[in-house]
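For reference, the chains in residue letters:
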Amino acid sequence: QVQLVESGGGLVQPGGSLRLSCAASGSIFDINVIGWYRQAPGKQRELVATITSGSYINYADSVKGRFTISRDTAKNMVYLQMGSLKPEDTAVYYCYAEPVPGTYEYDFWGQGTQVTVSS
């Protein structure tokens, strides 16, 4: 089992910055992909950024150049540094972990942390 706990959300003005953190615990070596999704009210959950165990990174087009995902393997942490925030970035941000095939039959999700971008 893998547990994911997000933190760092809050209210920020447009153009501001925020850093989200995700602490992973449990069977962390079963994680193949870890990263961030977000979901705004009335919208489907969408990928924000992911990083694989091999350090391959994928960003949504909407956040490229503004967000940076990073991972601290020693601390079992993944971060999302968000800059140049826009009102459309407002959403609940979820930490996400995809298990290595054959280890689990479902993905893992954190509880979510609210990010609100508003003046």
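Everything quoted here is computed from the prediction, not taken from an experiment.

Engineer: Whenever I open this one, the overall build of the protein chain confuses me. Can you help?
Structural biologist: Counting its secondary structure elements, the protein chain contains zero helices and 11 strands. Seen in sequence order, the protein chain has helices and strands lined up from the N terminus as β-β-β-β-β-β-β-β-β-β-β. Seen along its three principal axes, the alpha-carbon backbone of the protein chain occupies a region of about 45 × 30 × 25 Å. Buried residues in the protein chain amount to 41% of all 119 residues. When contacts within the protein chain are restricted to residue pairs at least 6 apart in sequence, those whose partners lie at least 24 apart make up 55%. Just so you have it, the protein chain exposes about 6,300 Å², and 49% of that area is on carbon and sulfur atoms. A distance of 8 Å separates the average location of the 9 positive side-chain charges in the protein chain from that of its 10 negative side-chain charges.

Engineer: Even after reading the chapter, I still don't get the environment of alanine 23, so can you show me in this structure?
Structural biologist: Relative to the elements of secondary structure, alanine 23 occurs in strand β3 (residues 18-26). For alanine 23, a relative accessible area of 28% corresponds to the partly exposed category. Sequence separation between alanine 23 and methionine 77 is 54 residues, and the spatial gap between their C-alpha atoms is 4.8 Å. Setting aside chain neighbours within four positions, we find alanine 23 in contact with Gln3, Leu4, Val5, Asn76 and Met77.

Engineer: Mind showing me how you'd approach the state of the cysteines here?
Structural biologist: By definition, a disulfide links the sulfur atoms of two cysteines through a covalent bond. Under the defined criterion, the tally for this structure stands at one disulfide. Between cysteine 22 and cysteine 95 runs a disulfide, and the two sulfur atoms are separated by 2.0 Å. Negative torsions about the S-S bond denote left-handed disulfides, and the value of about -85° found for cysteine 22 with cysteine 95 makes this one left-handed. Here the residue cysteine 22 occupies a position in strand β3, and cysteine 95 occupies one in strand β9 (residues 91-99), the gap between them amounting to 73 residues. Like cysteine 95, cysteine 22 is buried.

Engineer: How do you make sense of the sheet that holds strand β8 (residues 77-82) when you look at a structure like this?
Structural biologist: Within a sheet, each strand pairs with its neighbour through backbone hydrogen bonds, oriented either parallel or antiparallel. Spatial ordering of the open sheet is given by β1-β3-β8-β7, a layout of four strands whose pairing is antiparallel. The open sheet has two free edges, formed respectively by β1 (2-7) and β7 (67-72), since each of these has just one partner strand. Direction aside, the axes of adjacent strands within the sheet are offset by 15° on average. Bridge analysis of β7 against β8 gives six bridges, and the strand direction is antiparallel. The residue of β8 that forms the bridge with threonine 68 is glutamine 81.

The rules we used
- Residues numbered from 1 in each chain as written.
- Predicted model: local features only at pLDDT ≥ 70, side-chain atom pairs only at ≥ 80, totals over all residues.
- Heavy atoms only, no water.
- Helix = DSSP H or I, 4+ residues; strand = E, 2+ residues; numbered from the N terminus.
- Buried < 20%, exposed > 50% of the residue type's maximum accessible area, 1.4 Å probe, protein only.
- Contact = heavy atoms within 4.5 Å.
- Areas by Shrake-Rupley, 256 points an atom, 1.4 Å probe, with all protein chains shown as cover.
- Lys, Arg positive; Asp, Glu negative; His and termini not counted.
- Charge placed at Lys NZ, Arg CZ, Asp CG, Glu CD.
- Disulfide = S-S within 2.5 Å.
- Pairing = 2+ DSSP bridges.
- Axes fitted to C-alpha atoms, helices over the stretch in contact; angles between N-to-C directions.

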